[in-house]
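Take a look at the letters that make up each chain.
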Amino acid sequence: MARYKPIHQGVKLLAVDFDRQILPGTFEYALRHLVDKELDLEDFHQRYKNDVQGAAAFDPAVLLKIILLAYSRGIISSRRIESACRENMLFIAISGDSQPHFTTLAAFIANAGELITKLSTQVLLIYDRQGSIGKEMFAIDGVKLPSNASKEKSGTRADFLRQAERMEKAAAKTGQTHE
């Protein structure tokens, strides 16, 4: 009778380096860099007033990374996102082993409305600064889909720059009214 190497099916403790789970050149790597190094999340931080009283909150940067990674994978249910944070090594690594409850994730999404719009503007400005906008095609997932949109209808680079300038002025005006 043939002999086979044993298969371990029980519990095994493994040391995991979270940084080595997020590989350069991947969406997760770009997401982590964008959220941690490029985006201004001050508006999100101002929403928390628990420095003296109350329980510690999840860092908004972590929640944002979890949600954006989940959406990029087609996971939109807050319960499934919570499950991924417990079971999927990539989600565990991107969140630093934070395991937010699904109600925390749902509340963050529900209350983020206008702040997400501001973040989208920041992302567009970062992409423009890097020269990623205004080329022939821009795709996050690399899928080319047929479309009925023409350059005349969707705008030119000059249109984008005018729009970006208007958004920056509006954001600056909003910032002045809150001070």
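For the structure, check the block above.
Rules of the game
Residues numbered from 1 in each chain as written. Predicted model: local features only at pLDDT ≥ 70, side-chain atom pairs only at ≥ 80, totals over all residues. Heavy atoms only, no water. Helix = DSSP H or I, 4+ residues; strand = E, 2+ residues; numbered from the N terminus. Buried < 20%, exposed > 50% of the residue type's maximum accessible area, 1.4 Å probe, protein only. Contact = heavy atoms within 4.5 Å. Phe/Tyr/Trp six-rings, centres within 6.5 Å; stacked < 30°, edge-to-face > 60°. Core = buried A, V, L, I, M, F, W, Y, C linked by side-chain atoms within 4.5 Å. Salt bridge = Lys/Arg side-chain N within 4 Å of Asp/Glu carboxyl O. Expected span 1.5 Å × (residues − 1). Polar contact = N/O pair within 3.5 Å; in protein donor to acceptor, adjacent residues only side chain to side chain. Patch = residues over 30% accessible without salt bridge, like charges linked within 9 Å, V, L, I, M, F, W, Y side chains within 5 Å. Areas by Shrake-Rupley, 256 points an atom, 1.4 Å probe, with all protein chains shown as cover. Arc of directions from axis to C-beta.

## Overview of the overall build of the protein
Working step 1: Per the secondary structure count, the protein includes 10 helices and zero strands.
Working step 2: Reading the helices (α) and strands (β) of the protein from amino to carboxyl end gives α-α-α-α-α-α-α-α-α-α.
Working step 3: The buried share of the protein, taken over its 179 residues, is 26%.
Working step 4: Taking the contacts inside the protein whose residues are at least 6 apart along the sequence as the reference set, 67% of them involve residues at least 24 apart.

## A look at the packing of aromatic side chains
Working step 1: Inspection of the entire model under this criterion finds one aromatic pair.
Working step 2: Ring geometry for F44 against F108: centres 5.6 Å apart, planes inclined by 25 degrees, an arrangement best described as stacked. One end of the pair, F44, is in helix 3 (residues 42-45); the other, F108, is in helix 7 (residues 102-111), and 64 residues separate them in sequence. In this pair, the class of F44 matches that of F108, namely buried.

## A look at the nonpolar core
Working step 1: If you look at the biggest cluster of nonpolar residues, it comprises 30 residues, and the most contacted ones within it are L39, L41 and F91.
Working step 2: Per element, the largest residue contribution to this core is eight residues, and it comes from helix 4 (residues 60-72).
Working step 3: Residues in contact with L39, not counting those within four places in the same chain, are L34, L64, L119, Q122, V123 and I126.

## With respect to the pattern of salt bridges
Working step 1: Applying the stated rule across the entire model yields seven salt bridges.
Working step 2: Here K169 ties to E165 by a salt bridge, and the two come within 3.4 Å at their closest N and O atoms. Highlighted residues: K169 and E165, both in helix 10 (residues 157-177), separated by four residues, approximately one helical turn.

## Section: helix 4
Working step 1: Along its 13 residues, helix 4 runs 18 Å from first to last C-alpha, staying within 8% of the 18 Å computed at 1.5 Å per residue.
Working step 2: Structurally, helix 4 contributes buried residues whose contacts are with helix 2 (27-38), helix 3, helix 5 (78-87), helix 6 (89-94), helix 7 and helix 8 (113-129).
Working step 3: The backbone nitrogen of A61 lies 3.0 Å from a side-chain oxygen of the residue at the head of helix 4, namely D59.

## Re unusual backbone geometry
Working step 1: A positive phi angle, close to 65 degrees, is found at D97, a residue other than glycine.
Working step 2: You can see D97 is positioned in the loop between helix 6 and helix 7.

## Structural notes on a nonpolar patch on the surface
Working step 1: Together, L14, V16 and M89 line one region of the surface with nonpolar side chains, adding up to about 260 Å² of accessible area.
Working step 2: Tracing the backbone shows M89 in helix 6.

## Remarks on helix 5
Owing to its 3.6 residues per turn, the α-helix brings residues three or four apart onto one side.
Working step 1: Turning to helix 5, its buried residues number three or more, namely S78, I81, E82, A84 and C85. Relative to the axis of helix 5, the buried residues are bounded by an arc of 160 degrees and lie together on one face. Pointing more than 90 degrees away from the buried face of helix 5 are the exposed residues R79, R80 and E87.
Working step 2: Along its buried surface, helix 5 packs onto helix 4, helix 6 and helix 7.

## Description of the side chain of S98
Working step 1: With respect to the secondary-structure elements, S98 resides in the loop between helix 6 and helix 7.
Working step 2: Since its relative accessible area comes to 17%, S98 is described here as buried.
Working step 3: From its side chain, S98 meets the backbone oxygen of S95 in a polar contact 2.9 Å long.
Working step 4: What S98 contacts, discounting residues up to four positions off in sequence, is F58, V62 and C85.

## A few points about the environment of I126
Working step 1: Structurally, the position occupied by I126 is in helix 8.
Working step 2: Put simply, I126 and E38 are 88 residues apart on the chain and 7.8 Å apart in space, counted from C-alpha to C-alpha.
Working step 3: Residues within four places of I126 in sequence aside, it is in contact with L34, E38 and L39.

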